[in-house]
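# An overview of the molecular structure
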Amino acid sequence: MTSQPLKIGFVGLGIMGAPMASHLIQAGHQLFVYTLGKMPEAIASSSATQCTSARGVAERADIIIVMVPDTPDVEAALFSEKGIAAGLTAGKVVVDMSSISPISTKTFAQKINALGCDYLDAPVSGGEVGAKNATLSIMVGGPEATFERIKPLFELMGKNITLVGGNGDGQTAKVANQIIVALNIEAVAEALLFAARAGADPARVRQALMGGFASSKILEVHGDRMVKRTFDPGFRIELHQKDLNLALSSARALGVALPNTAMAQELFNSCVAYGGKAWDHSAMVKALEKMSNFEIGQKAE
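Summarised in this report is the structure supplied together with it. (Residues numbered from 1 in each chain as written. Predicted model: local features only at pLDDT ≥ 70, side-chain atom pairs only at ≥ 80, totals over all residues. Heavy atoms only, no water.)

As a further point, take helix α11 (residues 237-254). Given a rise of 1.5 Å per residue, 18 residues ought to cover 26 Å, and the 25 Å separating the end C-alpha atoms of α11 matches this to within 8%. Among the residues of α11, those classed as buried are Ile237, Leu239, His240, Gln241, Lys242, Asp243, Leu244, Leu246, Ala247, Ser250 and Ala251. Next to the buried residues of α11 lie α4 (71-79), α5 (102-113), α8 (169-197), α12 (259-273) and α13 (284-292). The first or second residue beyond α11 is Gly255, which carries a positive phi of 75 degrees. (Helix = DSSP H or I, 4+ residues; strand = E, 2+ residues; numbered from the N terminus. Expected span 1.5 Å × (residues − 1). Buried < 20%, exposed > 50% of the residue type's maximum accessible area, 1.4 Å probe, protein only. Contact = heavy atoms within 4.5 Å.)

Moving on to the pairing of strand β5 (residues 93-96). Neither face of β5 is open: one carries Val93 and Val95, the other Val94 and Asp96, and all of them are buried. In this sheet, β5 lies alongside strand β4 (residues 63-66) in parallel orientation, the contact comprising four bridges. If you follow Ile65 over to β5, its bridge partner there is Val95. The parallel pair β4 and β5 is bridged by α4, and the resulting crossover is right-handed. Where β5 and strand β6 (residues 118-121) come together, four bridges link them in parallel fashion. In the sheet register, Val93 faces β6, and the bridge partner there is Asp118. Note on the crossover from β5 through α5 to β6: the handedness is right-handed. (Pairing = 2+ DSSP bridges. Right-handed = clockwise from strand over helix to strand, strands pointing away.)

Moving on, we get to the pattern of salt bridges. Enumeration over the complete set of coordinates arrives at 10 salt bridges. Among the salt bridges present, the one from Lys132 reaches Glu128, with a minimum N-O distance of 3.1 Å. In this pair, Lys132 and Glu128 are both assigned in helix α6 (residues 127-133), four residues apart and thus about one turn of the helix distant. Between Arg229 and Glu289 there is a salt bridge, and its shortest N-O distance comes to 2.9 Å. In this pair, Arg229 sits in the loop between α10 (217-228) and α11 while Glu289 sits in helix α13, placing the two residues 60 residues apart along the sequence. (Salt bridge = Lys/Arg side-chain N within 4 Å of Asp/Glu carboxyl O.)

The subject of this paragraph is the environment of Ala61. Topologically, Ala61 is positioned in the loop between α3 (54-60) and β4. For Ala61, a relative accessible area of 0% puts it in the buried group. Taking C-alpha positions, Ala61 is 4.8 Å from Lys7, a pair spaced 54 residues apart along the chain. Look past the residues within four positions of Ala61 in its chain and what remains in contact with it is Lys7, Ile8, Gly9, Phe32 and Lys92.

Moving on, we come to the side chain of Thr35. Its location among the elements puts Thr35 in the loop between β2 (30-34) and α2 (41-44). Looking at Thr35, its side chain comes within polar contact range of the main-chain nitrogen of Leu13, at 3.1 Å. (Polar contact = N/O pair within 3.5 Å; in protein donor to acceptor, adjacent residues only side chain to side chain.)

Below, the discussion takes up unusual backbone geometry. A cis amide bond links Pro233 with the next residue in sequence, Gly234, at an omega value of 5 degrees. Here Gly234 is to be found in the loop between α10 and α11. At Asn293, a position not held by glycine, the phi torsion is positive, near 55 degrees. With relative accessibility at 69%, the residue Asn293 sits in the exposed group.

Once that is clear, we can look at the pairing of strand β1 (residues 7-11). With four of its five residues buried, β1 lies for the most part within the structure. Examined bridge by bridge, β1 and β2 share five bridges and lie parallel to one another. Each residue of the ladder has a partner; that of Lys7, found in β2, is Gln30.

In short, shape yes, function no, at least from these values alone.
Below, the structure is given as structure tokens:
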């Protein structure tokens with residue numbers, strides 16, 4: 001138990017949100033929770049108080065965390081009739097840990113600030129495994145004093161916690177992260193597909209590469225998924241598509257060329273066309289396999 005339990009609200013208890021909220025509960029904090037879907041059993045059977053709306057969460061908690069899929073979902077959680085903003089009083093803090101538009105984030109922050117409350121954007125990287133193990137990387141945008149106040153809570157959910165800059169900068173860092181992850185998945189997929197088609201054992205090729213300059217977390221985790229054909233999420237393709245949409249639309253507004261990001265998005269689009277929007281994003285390899293008429297698990301002729 002922590003010596004000073006806090007009143008924390010948590011809106012959005014999906015694949016990521018539920019384990020993140022559980023860490024806060026286990027640390028002894030008093031949680032007030034709301035989610036649109038079914039309440040996860042781990043939360044339902046805990047000490048958390050279930051509320052009937054996001055507004056109810058905000059009325060009861062001093063710090064309100066949001067973890068929902070996309071920009072419109074955050075806007076609804078914050079500003080709908082029974083949203084968080086309707087339950088806020090001056091001095092409270094809203095922390096959006098979703099991965100959404102940096103531009104919209106700045107607007108949301110201004111609206112929350114106008115109510116006398118602080119706002120942090122704090123998107124995460126590390127997926128379901130990182131959420132369960134409390135090893136998420138957390139990229140934060142907002143005032144330094146607010147960051148320092150909330151940092152002990154971030155430390156219950158993650159390991160690499162960085163104040164990137166002002167509101168919106170956390171989301172910008174997350175978009176950059178998703179560009180790197182997508183292109184690394186594509187590179188690992190091409191390499192293992194090439195190796196398998198050439199007749200080498202892709203599992204052993206992966207193991208050999210893990211000891212060299214090509215080693216990466218993507219090769220370690222998603223390379224293994226590709227070899228073993230385990231494409232249950234994880235992190236769904238449709239969510240990575242959303243993140244790359246943010247990258248490409250923001251790049252267009254900034255006049256920045258992201259040609260390989262666009263290619264990775266098209267490969268995800270191909271997977272969705274084959275019914276794979278809920279596959280793990282490592283299943284991008286399936287699009288390349290279709291193009292090559294060869295699967296990594298096949299025996300080369």
